[in-house]
Amino acid sequence: MTQSPTSRRSPWAVHGDGRSVTPGDVVHPGERLSWPRTVGVGVQHVVAMFGATFTVPLITGFPPATTLFFSGIGTLLFLLITGNRLPSYLGSSFAFIAPVLAAKAGGDIGPALGGIVVAGVALALVGVVVQLAGARWIDALMPPVVTGAIVALIGLNLAPVAWDGGGSGTGVKAQPLIAVVTLAAILLATVAFRGFLARLSILLGVVVGWALAAVLGDLDPKAVDGLRDAAWVGLPQFHAPSFSLRAVVLVIPVILVLVAENAGHVKAVAAMTGRNLDRDMGRAFLGDGLATVLAGSGGGSGTTTYAENIGVMAATRVYSTAAYWVAGVAAALLGLSPKFGALILTVPAGVLGGATTALYGLIAILGARIWIENRVDFHDPVNLMTAAVAVIIGAANYTLIAGDLSFNGIALGTAAALIIYHGMRVIAHLRGTTPTSRPAPEPEL
């Protein structure tokens, strides 16, 4: 690898000739290609994260441009905190959707934003602890069976939102034809295209659904008028958070998912680059936590490290954090265009319903994937009962009301997974029994 004189004054050394990556080699976080190529890779990261990032505010009723703006700023903050050693884009976390919808009081997003801020603070504190004490205690608190159950129950808890907006009549139920065409386009794009285009299947499906709605005259006239009147350049809509105990209780369990996502991201990047990044685990939590605090303080969705961008890195073999600086700046600039935010608001209910049918299902299946990849033993009744009870509580959206507080299916399911797993393990240890010696009864189908 050669390094130009100018690169010595830069945080990144130029990889090789700056034009190509030789077979079997990778561009490490502290390296970069030539700036034109780095900009090109950075733009790919923006496109990769875009489909999921703008979907979250559309579902939750947050300003899309504001969310996009804070995702870009949050990414830059994350890169600073991790010392340019951990390539990642911070996009909107789907884990926040259900609790945010429950926390919104009469359509006011203030309490939900307050919950997001508190969740971000909690994640940042976890990051400080991990940086000081190491990350092994996280694996002990949340083994794969617990993590997989929590992720799966979030996807299943969101299923009614895909159908009818959780009772608002704005999902597949509102525009079934457009929803089916959108979903079909997503499925077709997934198998018809190769490489990078296949990873944009959600975005491509949304474009096809939007075009069909436009042809059929099913776009919201008010949204279209808003698009026509919006300025090309301007500040996004900022909203201040308000704080209520009820909203905090609803949103705070999300940090368990964020911990799992961030830890998985760090380990995935470490595996692909052949470097041990465990020392940066705490910094990753801290960076994502502070980015979430920043977003919630101004009206944006909570953030998380994005798996979509891991796909871009795997395809390009470019793990340079320079590309993520480009992506963060580009996203923030897009957030400064009210016209762009107004365009996103024209996406009709049927398109969202079709897209979220796939997205929410993918979240649920991701939980199962965690179990499979970690070879969770479901002959062990502790594992079996932990997953079984938690998933049903989340899917049915069990709700507990205690005074002014309301605990929904995600909060209760998360608590159930932790309590059942560790409770049964403690009892088995005290009794001197081996859990696998008494398998749980399997119902006849």
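- You'll find the protein entered in an unreviewed UniProt entry as Uracil-xanthine permease, with Micromonospora purpureochromogenes given as the organism.
- In UniProt, the protein has this text filed under Subcellular location (unreviewed entry): "Cell membrane".

## Description of the overall build of the protein
Item 1. Looking only at helices and strands, the protein has 19 helices and six strands in total.
Item 2. Since a compact globule built from 445 residues should have a radius of gyration of about 22 Å, the 22 Å found for the protein is in line with a globular shape.
Item 3. When its C-alpha atoms are laid out on the principal axes, the protein stretches across 65 × 55 × 45 Å.
Item 4. Within the protein, residue pairs in contact and separated by at least 24 positions form 79% of the contacts whose partners lie at least 6 positions apart.
Item 5. As displayed, the protein has an accessible area near 19400 Å², and 67% of this comes from carbon and sulfur atoms.
Item 6. Separation of charge centres in the protein, based on 25 positive and 21 negative side chains, amounts to 9 Å.

## Topic: helix α15 (residues 321-335)
Item 1. Its 15 residues give α15 an end-to-end C-alpha distance of 21 Å, which sits within 8% of 21 Å, the value for a rise of 1.5 Å per residue.
Item 2. Residues of α15 that are buried include every one of Thr321, Ala322, Ala323, Tyr324, Val326, Ala327, Gly328, Ala331, Ala332 and Gly335, and no others.
Item 3. The backbone nitrogen of Ala322 has a side-chain oxygen 3.1 Å away, supplied by the residue at the start of α15, namely Ser320.

## Side note on the packing of helix α6 (residues 144-157) against helix α19 (residues 409-431)
Item 1. Here α6 crosses α19 at 160°, and the two axes come no closer than 10 Å. For the element pair α6 / α19, the angle class is roughly antiparallel. Helix-helix and strand crossings are classified by hand; for α6 and α19 the assignment is right-handed. Between α6 and α19, the residues in contact are Val145, Val146, Ile150, Leu153, Ile154 and Asn157 and Gly409, Ile410, Gly413, Thr414, Ala417, Leu418 and Tyr421, respectively.
Item 2. Here the contact of α6 with α19 is composed, by residue class, of nine nonpolar, four polar and no charged.

## Comments concerning the pattern of salt bridges
Item 1. For the structure on display, the rule yields four salt bridges.
Item 2. Taking the shortest distance from any N to any O, the salt bridge between Arg85 and Asp280 comes out at 3.1 Å. With a gap of 195 residues between them, Arg85 in the loop between α2 (64-81) and β3 (90-92) and Asp280 in the loop between α12 (254-273) and α13 (281-298) connect regions that are remote in the sequence.

## A few points about the packing of aromatic side chains
Item 1. Within this structure, the stated rule accounts for five aromatic pairs.
Item 2. For the ring pair Phe69 and Phe238, a centre distance of 6.1 Å and an interplane angle of 70° mean the geometry is edge-to-face. Of this pair, Phe69 sits in helix α2 while Phe238 sits in the loop between α10 (221-229) and α11 (245-251), and the two are 169 residues apart along the sequence.
Item 3. Take Phe69: its relative accessible area is 15%, and that puts it in the buried class.

## What about unusual backbone geometry?
Glycine aside, the phi torsion of most residues is negative, and most peptide linkages are trans.
Item 1. Positive phi, close to 50°, is recorded for Arg375, a residue that is not glycine.
Item 2. The residue Arg375 is located in the loop between α17 (349-373) and α18 (381-395) in this model.
Item 3. A positive phi angle is found at Asn397, which is not glycine, with a value near 55°.
Item 4. On the secondary structure map, Asn397 appears in the loop between α18 and β5 (400-402).

## Brief notes about the nonpolar core
Item 1. Grouped together as the largest cluster of nonpolar side chains are 98 residues, with contacts concentrated most on Phe94, Ile154, Phe285 and Tyr360.
Item 2. Of all the elements, α12 adds the most residues to this core, at 10 residues.
Item 3. Not counting residues up to four positions away in its chain, the partners in contact with Phe94 are Ala52, Thr55, Val56, Ile154, Leu158, Tyr306, Leu359, Tyr360 and Ile363.
Item 4. Formed by six residues, the second largest nonpolar core is a distinct cluster that contains Val27, Leu33, Val318 and Ala323.

## Re helix α4 (residues 110-133)
Item 1. An ideal rise of 1.5 Å per residue puts 34 Å on 24 residues; α4 measures up with 35 Å between its terminal C-alpha atoms.
Item 2. The positive-phi residue at the C-terminal boundary of α4 is Gly134, with phi of around 90°.

## Focus on the side chain of Thr386
Item 1. Looking at the element boundaries, Thr386 is found in helix α18.
Item 2. For Thr386, a relative accessible area of 0% corresponds to the buried category.
Item 3. Within the structure, the side chain of Thr386 is placed 2.7 Å from the backbone oxygen of Val382, a separation counted as a polar contact.
Item 4. In this structure, Thr386 is in contact with Val146, Ala417, Ile420 and Tyr421, ignoring residues within four places of it in sequence.

## With respect to the packing of helix α8 (residues 176-192) against α17
Item 1. The geometry of α8 relative to α17 is characterised by a closest axis approach of 7 Å and an angle of 40° between their N-to-C directions. With respect to α17, the element α8 is oriented oblique. Seen from above, α8 lies across α17 with right-handed handedness. For the pair α8 and α17, contact is made by Ile178, Ala179, Thr182, Leu183 and Ile186 and by Gly350, Val351, Gly354, Ala355, Thr357 and Ala358, respectively.

About the criteria used
- Residues numbered from 1 in each chain as written.
- Predicted model: local features only at pLDDT ≥ 70, side-chain atom pairs only at ≥ 80, totals over all residues.
- Heavy atoms only, no water.
- UniProt positions renumbered as here; feature names shortened; annotations may be inferred.
- Helix = DSSP H or I, 4+ residues; strand = E, 2+ residues; numbered from the N terminus.
- Rg over C-alpha atoms; globule rule 2.2 N^0.38 Å.
- Contact = heavy atoms within 4.5 Å.
- Areas by Shrake-Rupley, 256 points an atom, 1.4 Å probe, with all protein chains shown as cover.
- Lys, Arg positive; Asp, Glu negative; His and termini not counted.
- Charge placed at Lys NZ, Arg CZ, Asp CG, Glu CD.
- Expected span 1.5 Å × (residues − 1).
- Buried < 20%, exposed > 50% of the residue type's maximum accessible area, 1.4 Å probe, protein only.
- Polar contact = N/O pair within 3.5 Å; in protein donor to acceptor, adjacent residues only side chain to side chain.
- Axes fitted to C-alpha atoms, helices over the stretch in contact; angles between N-to-C directions.
- Parallel < 35°, antiparallel > 145°, perpendicular 65-115°, else oblique.
- Left-handed = near helix turned anticlockwise from the far one by under 90°.
- Nonpolar A, V, L, I, M, F, W, Y, C, P; charged D, E, K, R; others polar.
- Salt bridge = Lys/Arg side-chain N within 4 Å of Asp/Glu carboxyl O.
- Phe/Tyr/Trp six-rings, centres within 6.5 Å; stacked < 30°, edge-to-face > 60°.
- Core = buried A, V, L, I, M, F, W, Y, C linked by side-chain atoms within 4.5 Å.

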